[in-house]
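Commentary on secondary and tertiary structure
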Amino acid sequence: MAHKKFAVSPGFEEGGSLFKPEQLAMLGSIVGEDAKIELTTFKQLYIEMDESRMEDAQAQLRLVGLDIQPAGFFTKNLIACNFCRGAADAGLDLAKQLDQAIAGKEVPSPLKIGYAGCALGTSEPLLKDISVVKMNKVYDVYVGGEAKGIKARLGELFVSGISEDQVIPLVTRLITVFQERGKKKEKFSKFVERVSKGELYKLTGHE
Ligand code: SF4
């Protein structure tokens with residue numbers, strides 16, 4: 001019996017990434033006894049299950065409000081904070097739109113995109129490949145964070161003080177540039193180093 005893996009996310013809201021009891025009940029009842037359910041470090045569950053039953057299971061999981069994404073070399077769901085300042089102040093609507101715009105895109109290596117609703121950054125945005133930090137009414141975007149390995153590094157400020165309507169076009173453009181110019185298995189932090197921030201400004205139209 002062939003097994004295949006996919007990702008499941010409850011999304012996020014004020015309070016964080018919260019599964020509802022009925023979502024977990026559905027998950028437990030539908031994936032099969034031999035399925036593996038892995039808790040990842042990037043707020044998705046990875047489900048490995050019988051491939052022949054996967055489509056049905058995904059349809060049921062969508063019905064209870066779970067988001068289904070591919071596992072592996074794809075952009076992950078937005079890794080957001082808990083929006084403790086409230087939906088409006090912390091930018092929950094933009095974060096939800098950003099999540100929809102970025103999740104599940106095929107990329108040269110798995111891409112983690114972070115979001116924080118204020119400069120306290122409790123979602124650790126500077127350890128993500130790309131991250132958006134809300135600074136009162138404007139947004140800063142960081143690139144090239146790397147949490148793994150002994151050469152872990154913080155993301156560097158890429159643009160500062162952009163308006164809400166500039167955030168999604170910039171982040172999606174950064175993903176497209178990585179898709180077009182990244183080498184197979186190249187980490188995004190290495191890609192930023194190789195291409196240079198100067199070139200990235202040109203390629204994203206933020207010179
Ligand atoms: S990043 Fe700011 S708004 Fe978001 S949970 Fe942390 S302290 Fe609250």
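Residues numbered from 1 in each chain as written. Predicted model: local features only at pLDDT ≥ 70, side-chain atom pairs only at ≥ 80, totals over all residues. Heavy atoms only, no water.

In the annotation of an unreviewed UniProt entry, the protein is listed under the name Nitrite reductase and assigned to Paenibacillus glycanilyticus.

**Notes on the overall build of the protein**
Helix and strand counts for the protein come out as 7 helices and 8 strands. Compactness check: the protein gives a C-alpha radius of gyration of 17 Å against a globular reference of 17 Å for 207 residues, within 12% of the reference. Projected onto its principal axes, the C-alpha coordinates of the protein cover approximately 50 × 40 × 30 Å. Look at the contacts in the protein between residues 6 or more apart in sequence, and 62% of them connect residues 24 or more apart. (Helix = DSSP H or I, 4+ residues; strand = E, 2+ residues; numbered from the N terminus. Rg over C-alpha atoms; globule rule 2.2 N^0.38 Å. Contact = heavy atoms within 4.5 Å.)

**Some words on the domain arrangement of the protein**
Assigned domains within the protein: domain 1 (3-70) and domain 2 (79-204). Centre-to-centre separation of domain 1 and domain 2, based on C-alpha positions: 25 Å. The interface of domain 1 with domain 2 comprises 10 residues on the first partner and 14 residues on the second. Contact between domain 1 and domain 2 buries roughly 990 Å² in total, counting both sides, with carbon and sulfur atoms accounting for 60%. Between the two partners, domain 1 and domain 2, sit 0 salt bridges. Where domain 1 touches domain 2, the interface holds 5 residue pairs in polar contact (both at pLDDT 80 or more). (Domains from an automatic or database assignment. Buried area = accessible area lost by both parts, 1.4 Å probe. Salt bridge = Lys/Arg side-chain N within 4 Å of Asp/Glu carboxyl O. Polar contact = N/O pair within 3.5 Å; in protein donor to acceptor, adjacent residues only side chain to side chain.)

**As for the site of the ligand**
Taken together, the neighbourhood of the ligand is formed by C81, N82, F83, C84, R85, A116, G117, C118, L120, G121 and T122. When grouped by side-chain class, the residues that make up the shell around the ligand number 6 nonpolar, 4 polar and 1 charged. (Near = heavy atom within 4 Å. Nonpolar A, V, L, I, M, F, W, Y, C, P; charged D, E, K, R; others polar.)

**Structural notes on the sheet that holds strand 4 (residues 67-70)**
Taken in spatial order, the 4 strands line up as 2-3-1-4 in an open sheet, and their pairing is antiparallel. Single-partner strands in this sheet number two, and they are strand 2 (36-39) and strand 4. Looking at each pair of strands side by side, their axes are set apart by 30° on average, direction ignored. (Pairing = 2+ DSSP bridges. Axes fitted to C-alpha atoms, helices over the stretch in contact; angles between N-to-C directions.)

**A short note on a positive patch on the surface**
The grouping of K148, K151, K187 and K190 at the surface amounts to a positive patch. Position of K148 relative to the elements: it lies in the loop between strand 7 (138-143) and strand 8 (156-162). Residue classification places K148 among the exposed positions, given a relative accessible area of 54%. (Patch = residues over 30% accessible without salt bridge, like charges linked within 9 Å, V, L, I, M, F, W, Y side chains within 5 Å. Areas by Shrake-Rupley, 256 points an atom, 1.4 Å probe, with all protein chains shown as cover. Lys, Arg positive; Asp, Glu negative; His and termini not counted. Charge placed at Lys NZ, Arg CZ, Asp CG, Glu CD. Buried < 20%, exposed > 50% of the residue type's maximum accessible area, 1.4 Å probe, protein only.)

**Some details on the packing of aromatic side chains**
If you walk through the whole model with that rule in mind, you get 7 aromatic pairs. A centroid spacing of 5.1 Å and a plane angle of 85° characterise the contact between F178 and F188, whose relative ring orientation is edge-to-face. In this pair, F178 is assigned in helix 5 (residues 164-181) and F188 in helix 6 (residues 188-195), connecting sequence segments 10 residues apart. For F188, a relative accessible area of 1% corresponds to the buried category. (Phe/Tyr/Trp six-rings, centres within 6.5 Å; stacked < 30°, edge-to-face > 60°.)

**Focus on the side chain of T204**
Along the chain, the position of T204 falls in helix 7 (residues 197-204). Residue class for T204 comes out buried when judged on its relative accessible area of 11%. Here Y201 takes part through its backbone oxygen, which lies 3.4 Å from a polar atom of the side chain of T204. Excluding its chain neighbours within four sequence positions, the residues that come into contact with T204 are F158, L170, R173, L174 and V177.

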